[in-house]
Amino acid sequence: MTVAAEDGIDLFIPHVYDMVWSAIILVIVALFFYKYFLPKFNAIFDERSSKIEGGIENAKKAQKQADEAKRKYEDQLSTARVEASKIRDDARAEASHIIADARSRADAEASQISQSAQRSIESQHQQALVKLRGEVGTLAAALAGRILGAKLQDGAVQSQMIDGLLDEISDNKQ
Amino acid sequence: MNIITLAEVAGNLSVIGYGLGTLGPGIGLGILFGKAMESTARQPEMSGKIQTIMFIGLALVEVLALIGFVAALVIK
Amino acid sequence: MVGVAGIHMLIAAQGGPDLPTVDDFLPPEILFQGTPFAINRIILVRIVATVAMLLILGVSAHRAKLIPGRWQGVLEMGVSFVRDNIVYEVMGALRGRRYVPMIATIFFTILVFNLCGIVPGANIAATASVVMPLVFALWTMVQYWIAAVREKGLGRFIRDEVFTPGVPWPVYILLAPIQILELLVIRPLSLTIRLFANMISGHLMVATCLAFAQYWMIESADKLMGIPVGATWFVGGLLMTCFEAFVAFLQAYVFAILSTVYINLSYPEQ
């Protein structure tokens, strides 16, 4: 072991070779950091942040597109819904229309049928009446002739009597 | 072992001097960091500025202890 | 520390432990003796540490990819720590961008050099000679003078710093010399000595613990008492080594942030 004769102050006295080596090392290290290490890492940091920013931008764009598509679909859906309800309404209106039509047509037909039936009944009635009148006249004349016999040879009295009878009948009838 | 060797003090007085010299800076550092923490707790948004000022203070306080260290080594 | 040397001599006379002395920091020249390029142990450690650091960082930077691996993540954490937590925190991004490489150089180099103190085989911090910290401190000083001249002009800087505004004039008789001393001597020297002293005391503490552990466990005749005492010293040495790792980081951080603060002081307040 050496004698500890060196003063503590020697610690603070710089040696020339120490300075030389310190300076050389400092310059080398500083050059390394200034020219290579930090630019490299800064480039990586920048690239990464730009990548992240780009990623966020892309995500935003995709989100926007999705939103747009969704809105479009929703629009389409609502228009389709409106259309469907319109069609349904139309169909319903048409159906009621058809029903009403059919009903009115049936009504008309029914009334026509009943009218024609009425008319035919009336004409048959008329026919029957006319026929009856003729038959009743001759029948009554024959009947009266038979009853009265010869009393009524005078044609004039005969026809006068028949007419009066007929009028009475028709008056009664009315 | 006689009475004289029993009472012998080995070493160097400058070490004791340095020990005394650290007392002041020690207290100073305690106050400095304590206050810095306190003010950071009160106003966290000022922490950067407080830290900067704290380090300036630290440099000033530590100079005293460092002078003590150098003196202990240099003065025989 | 001379005290330690004194004890050392006293006990050495009785065949005590091989305690460390300040001579550890004044090793003999082993290469190119007598020339300006002489190399002693500390400088050898320094050169080896530099080469190792440049190789490791250079290869890592060369291989650096966009998606970081584990090691690159650690490195990036270091870089962004220096950039965001030291430089931008003190100066702000706009002013600080120029100084990021400088502060990164200071921080990483001092960190690596300090850690040499606990690397087996080196066992002495590469910053444990006065010149290496001094060179960093002088670099800082040059930078803050340049910043002052560029941003404020020399006259205004000296006026602002030496004749601090808002002080009654008689005080200047006392204050002005102190401020000049502060600008020219105290700032760089305090930076230097803070780092240097921490490295010296750290080495002495670790080495003392280990020397006592060695002495009590191996060389002491009284094994019954020697083993436990030596083991205690060894645990102390272990703790001191961990503490040294912490101090290595802390001193690099303090040096870097004080450099930044000093440079920032040269800028006008916004």
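As the structure is a computational prediction, the values presented were derived from the model and not from experiment. (Residues numbered from 1 in each chain as written. Chains lettered and ligands numbered in written order. Predicted model: local features only at pLDDT ≥ 70, side-chain atom pairs only at ≥ 80, totals over all residues. Heavy atoms only, no water.)

Peer 1: For the overall build of chain A, give the residues involved together with the corresponding values.
Peer 2: Regarding its fold elements, chain A presents two helices and zero strands. Relative to the 2.2 N^0.38 estimate, which gives 16 Å for 174 residues, the radius of gyration of chain A is 66 Å and therefore markedly larger than a compact globule would have. Viewed in the frame of its principal axes, chain A has a C-alpha envelope of about 205 × 30 × 25 Å. Looking at the 174 residues of chain A, the share that counts as buried comes to 13%. Positive and negative side-chain charges of chain A, numbering 22 and 26 respectively, have mean locations separated by a distance of 6 Å. (Helix = DSSP H or I, 4+ residues; strand = E, 2+ residues; numbered from the N terminus. Rg over C-alpha atoms; globule rule 2.2 N^0.38 Å. Buried < 20%, exposed > 50% of the residue type's maximum accessible area, 1.4 Å probe, protein only. Lys, Arg positive; Asp, Glu negative; His and termini not counted. Charge placed at Lys NZ, Arg CZ, Asp CG, Glu CD.)

Peer 1: Give me a nonpolar patch on the surface: which residues, what numbers.
Peer 2: Together, A:Ile24, A:Ile28, C:Ile30, C:Leu31, C:Phe32, C:Phe37, C:Leu44 and C:Val48 make up a nonpolar patch on the protein surface, roughly 680 Å² of accessible area in all. For the nonpolar patch, the secondary-structure elements that each account for two or more residues are helix H1 (16-148) of chain A together with strand S1 (29-31) and helix H2 (41-63) of chain C. Within the secondary structure, A:Ile24 sits in helix H1. (Patch = residues over 30% accessible without salt bridge, like charges linked within 9 Å, V, L, I, M, F, W, Y side chains within 5 Å. Areas by Shrake-Rupley, 256 points an atom, 1.4 Å probe, with all protein chains shown as cover. Salt bridge = Lys/Arg side-chain N within 4 Å of Asp/Glu carboxyl O.)

Peer 1: Before we move on, can you summarise the packing of helix H3 (residues 70-91) of chain C against helix H9 (residues 223-265) of chain C with the specific residues and values?
Peer 2: Relative orientation and spacing of two packed helices are given, respectively, by the angle between their axes and the distance between those axes. Residues and elements named next belong to chain C. Running from amino to carboxyl end, H3 crosses H9 at an angle of 35°, the nearest separation of the two axes being 9 Å. Here H3 and H9 pass one another in a crossing that is right-handed. Where H3 abuts H9, its residues Phe81, Ile86, Val87, Val90 and Met91 lie against Phe249, Tyr253, Ala256, Ile257, Thr260, Val261, Ile263 and Asn264. When grouped by side-chain class, the residues that make up the contact of H3 with H9 number eleven nonpolar, two polar and no charged. (Axes fitted to C-alpha atoms, helices over the stretch in contact; angles between N-to-C directions. Left-handed = near helix turned anticlockwise from the far one by under 90°. Contact = heavy atoms within 4.5 Å. Nonpolar A, V, L, I, M, F, W, Y, C, P; charged D, E, K, R; others polar.)

Peer 1: Can you tell me about the interface of chain C and chain A, naming the residues and giving the values?
Peer 2: Every contact between the two is made by 51 residues of chain C and, on the other side, 38 residues of chain A. Of the roughly 4100 Å² buried between chain C and chain A on both sides combined, carbon and sulfur atoms contribute 77%. Taken together, the connections running from chain C to chain A amount to two salt bridges. The partner of C:Arg46 in a salt bridge is A:Asp18, and the shortest N-O contact between them spans 2.9 Å. Within the residue set of the side of chain C that touches chain A, elements represented by two or more residues are helix H1 (2-12), strand S2 (39-40), H2, H3, helix H5 (100-115), helix H6 (131-151) and helix H8 (169-219) of chain C. Looking at the side of chain C that touches chain A element by element, the count peaks at ten residues for H2(C). Across the side of chain C that touches chain A, the residue classes break down as 34 nonpolar, eleven polar and six charged. (Buried area = accessible area lost by both parts, 1.4 Å probe.)

Peer 1: I'd love a proper account of the packing of aromatic side chains, names of residues and values included.
Peer 2: In this description, an aromatic ring pair is defined by two values, namely the gap between the centres and the angle between the planes. Summed over the entire model, instances satisfying the criterion amount to 26 aromatic pairs over all chains. Look at A:Phe33 and C:Phe108: their rings are 5.6 Å apart centre to centre, the planes differ by 20°, and that puts the pair in the stacked class. Here A:Phe33 is found in helix H1, whereas its partner C:Phe108 is found in helix H5 on a different chain. Pairing A:Phe37 with A:Phe41 gives two aromatic rings, centres 4.8 Å apart and planes at 45°, and the pair type is tilted. Taken together, the residues span about one helical turn, with A:Phe37 and A:Phe41 both in helix H1 at a distance of four residues. Taken together through their ring pairs, the aromatic side chains of A:Phe32, A:Phe33, A:Tyr36, A:Phe37, A:Phe41, A:Phe45, B:Phe55, C:Phe81, C:Phe107, C:Phe108, C:Phe249 and C:Tyr253 make up a single cluster. The side chain of C:Arg187 reaches across the aromatic face of C:Tyr144, ending 5.0 Å from its centre. (Phe/Tyr/Trp six-rings, centres within 6.5 Å; stacked < 30°, edge-to-face > 60°. Lys NZ or Arg CZ within 6 Å of the ring centre and 35° of its normal.)

Peer 1: Just give me the short version of the confidence of the model for chain A, but keep the residues and values in it.
Peer 2: Averaged over every residue, the pLDDT of chain A is 85; residues scoring 70 or more account for 91%. Scored below 50 in pLDDT, residues 1-5 of chain A shows six contacts in the model against residues more than four places distant or in partner chains. (pLDDT = per-residue confidence, 0-100.)

Peer 1: Residues and numbers for a negative patch on the surface, please.
Peer 2: A surface patch of like charges, here negative, comprises A:Asp163, A:Asp167, A:Glu168 and A:Asp171. By secondary structure assignment, the location of A:Asp163 is in helix H2 (residues 155-173).

Peer 1: Describe the interface of chain A and chain B, and please don't skip the residues or the numbers.
Peer 2: On the chain B side, the residues contacting the five residues of chain A number five residues. Between chain A and chain B lies a buried interface of about 410 Å² when both sides are counted; carbon and sulfur atoms form 79% of it. Between chain A and chain B we count zero residue pairs in polar contact (both at pLDDT 80 or more) in total. Of the residues that constitute the side of chain A that touches chain B, the class distribution is three nonpolar, one polar and one charged. (Polar contact = N/O pair within 3.5 Å; in protein donor to acceptor, adjacent residues only side chain to side chain.)

Peer 1: With reference to specific residues and values, describe H2(C).
Peer 2: Given a rise of 1.5 Å per residue, 23 residues ought to cover 33 Å, and the 33 Å separating the end C-alpha atoms of H2(C) matches this to within 8%. Along H2(C), the positions that sit buried rather than exposed are C:Ile42, C:Ile43, C:Val45, C:Arg46, C:Ala49, C:Thr50, C:Met53, C:Leu54, C:Leu57, C:Gly58, C:Ser60 and C:Ala61. Contacts made by the buried residues of H2(C) are with H1 of chain A together with S2, H3, H5 and H6 of chain C. Looking at where H2(C) begins, the residue whose side-chain oxygen comes 3.2 Å from the main-chain nitrogen of C:Ile42 is C:Asn40. (Expected span 1.5 Å × (residues − 1).)

Peer 1: Residue-level account of the pattern of salt bridges, with values.
Peer 2: Residue and element names in this part refer to chain C. Under the counting rule described, the total for this entry stands at eleven salt bridges over all chains. Arg150 serves as the salt-bridge partner of Glu151, at 3.3 Å between the closest nitrogen and oxygen. Judged by relative accessible area, which is 38%, Arg150 ranks as partly exposed. Connected via shared salt-bridge partners are Lys152, Arg156 and Asp160.

Peer 1: Describe helix H3 (residues 47-74) of chain B, with residues and values.
Peer 2: Here H3(B) is 28 residues long and its end C-alpha atoms lie 39 Å apart, about the 40 Å a rise of 1.5 Å per residue gives. At B:Val63, H3(B) shows its largest bend, some 25°. (Bend = angle between axes of the 7 residues up to and from the residue.)

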